[in-house]
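Here are the chains, one letter per residue:
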Amino acid sequence: MQSSENIDLKSLVRSIPDYPKRGIIFRDITSLIAHAEGFRQSIRDLAAPYEGKDIRKIVGIEARGFIFGGAMADFLGVGFVPIRKQGKLPGDVVSQDYSLEYGTDRIEMHADAIEAGEKVVLVDDLIATGGTAAAAIELLQDVGGIVEAAAFVIDLPDLGGAQLLRDRGVNVHTLIDFEGH
Ligand code: AMP
């Protein structure tokens with residue numbers, strides 16, 4: 001088996017032009033997570049910096065953040081908290097609206113998922129404009145969570161999301177980046 005040290009994660013991400021609409025290049029992580037050693041390495045690279053940092057929860061954004069976040073939580077031996085689209089969580093929720101290109105969207109988290117003062121790491125597959133992650137961070141901070149970092153497999157730096165989060169004082173950790181949209 002190939003040593004996990006040598007895997008080029010970027011080469012395992014499939015790029016699909018003009019999806020879901022013309023001009024967007026969709027960065028598809030299903031090809032990465034289907035590759036056993038690539039998936040394992042991505043989890044280790046995302047999670048290892050937080051070993052021994054007193055992280056209490058990994059918080060994943062629906063839906064691809066669940067795939068990476070669940071495995072990161074297992075790696076670190078901590079709990080996992082889902083942030084979901086509106087109307088999916090059965091208990092009492094806290095919610096946050098955020099802007100899309102046209103209109104707004106809403107994300108929700110169970111109100112009792114994070115205790116005030118708990119250190120958490122937020123995770124998603126990709127950061128583009130940063131709108132989704134910024135809303136998730138507001139939600140976490142509103143309930144008293146301490147966001148140690150926001151971690152993403154893929155950064156699209158030209159869209160400015162990672163910089164937006166850094167400008168708000170959040171540590172941003174990404175594994176690979178792609179130019180353009
Ligand atoms: P944003 O809020 O603009 O940072 O968008 C981030 C969310 O949209 C993430 O959950 C990504 O999965 C998804 N996303 C945005 N752009 C892309 C892209 N080019 N390829 C794949 N997923 C994307």
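Residues numbered from 1 in each chain as written. Predicted model: local features only at pLDDT ≥ 70, side-chain atom pairs only at ≥ 80, totals over all residues. Heavy atoms only, no water.

Asker: I keep staring at the site of the ligand and nothing clicks. Help me out?
Answerer: Around the ligand sit 14 residues in total, of which Asp124, Asp125, Thr129, Gly130 and Thr132 are the nearest. Here aspartate 124 contributes a side-chain N or O atom positioned 2.8 Å from an oxygen atom of the ligand. Interatomic distance of 2.8 Å between a side-chain N/O atom of aspartate 125 and an oxygen atom of the ligand. If the ligand stood free it would expose 490 Å²; the protein chains cover 81% of that surface. Sorting the residues of the shell around the ligand by element identifies β2 (25–28), β7 (119–127) and α5 (131–142) as the ones contributing at least two each. The leading source of residues in the shell around the ligand is β7, at four residues. Within the shell around the ligand, the residues separate by chemical class into six nonpolar, four polar and four charged. (Near = heavy atom within 4 Å. Polar contact = N/O pair within 3.5 Å; in protein donor to acceptor, adjacent residues only side chain to side chain. Areas by Shrake-Rupley, 256 points an atom, 1.4 Å probe, with all protein chains shown as cover. Helix = DSSP H or I, 4+ residues; strand = E, 2+ residues; numbered from the N terminus. Nonpolar A, V, L, I, M, F, W, Y, C, P; charged D, E, K, R; others polar.)

Asker: So what exactly am I meant to see when it comes to the sheet that holds strand β4 (residues 79–85) here?
Answerer: By definition, the strands of a sheet pair up through backbone hydrogen bonds, in either a parallel or an antiparallel sense. Strand order in the open sheet made by the seven strands is β5-β6-β4-β3-β7-β8-β9, with mixed pairing throughout. In the strand order of this sheet, the two ends are held by β5 (93–99) and β9 (172–177), each with one partner. The sheet shows a mean angle of 20° between the axes of neighbouring strands, taken without regard to direction. Two elements, β5 and strand β6 (residues 104–110), share seven bridges in a ladder whose sense is antiparallel. (Pairing = 2+ DSSP bridges. Axes fitted to C-alpha atoms, helices over the stretch in contact; angles between N-to-C directions.)

Asker: Please clarify how the side chain of lysine 57 should be interpreted in this entry.
Answerer: By the element assignment, lysine 57 lies in strand β3 (residues 57–61). At 3.4 Å, the side chain of lysine 57 forms a polar contact with the backbone oxygen of alanine 113. Each residue touching lysine 57, except ones within four places of it in the same chain, is listed here: Val78, Gly79, Val81, Ala113, Ile114, Glu118, Lys119, Val120 and Val121. (Contact = heavy atoms within 4.5 Å.)

Asker: What exactly am I supposed to notice about the packing of helix α3 (residues 36–47) against helix α4 (residues 64–76) here?
Answerer: Between two packed helices, what matters for the description is the angle formed by their axes and the separation of those axes. Their axes nearest at 9 Å, the elements α3 and α4 cross at an angle of 65°. Here α3 is positioned roughly perpendicular relative to α4, judged by the angle of their axes. In the packing of α3 onto α4, the handedness of the crossing is right-handed. In this structure, α3 uses Phe39, Ser42, Ile43, Arg44, Leu46 and Ala47 to contact α4, whose residues at the interface are Ile67, Phe68, Ala71, Met72, Phe75 and Leu76. The residue inventory of the contact of α3 with α4, partitioned by class, reads ten nonpolar, one polar and one charged. (Parallel < 35°, antiparallel > 145°, perpendicular 65-115°, else oblique. Left-handed = near helix turned anticlockwise from the far one by under 90°.)

Asker: Just to check I follow, could you spell out the side chain of glutamate 62 for this structure?
Answerer: In this structure, glutamate 62 sits in the loop between β3 and α4. Looking at glutamate 62, its side chain comes within polar contact range of the side chain of arginine 84, at 3.2 Å. Beyond its immediate chain neighbours, meaning those up to four positions away, glutamate 62 contacts Ile83, Arg84, Lys85 and Lys88.

Asker: It is not clear to me how the packing of aromatic side chains should be interpreted in this structure. Could you clarify?
Answerer: The geometry of two aromatic rings is summed up by the distance between their centres and the angle between their planes. Across all of its chains, the model carries three aromatic pairs by this definition. Measuring from centroid to centroid gives 6.0 Å for phenylalanine 39 and phenylalanine 68, while their planes differ by 75°, and the two rings are edge-to-face. Of this pair, phenylalanine 39 sits in helix α3 while phenylalanine 68 sits in helix α4; the two residues are 29 residues apart in sequence, bridging distant segments of the chain. Residue classification places phenylalanine 39 among the partly exposed residues on the basis of a relative accessible area of 21%. When the centroid spacing of 5.9 Å and the interplanar angle of 85° are considered together, the rings of phenylalanine 66 and phenylalanine 80 count as edge-to-face. (Phe/Tyr/Trp six-rings, centres within 6.5 Å; stacked < 30°, edge-to-face > 60°. Buried < 20%, exposed > 50% of the residue type's maximum accessible area, 1.4 Å probe, protein only.)

Fair warning: the whole summary comes from geometry, so function is off the table for now.
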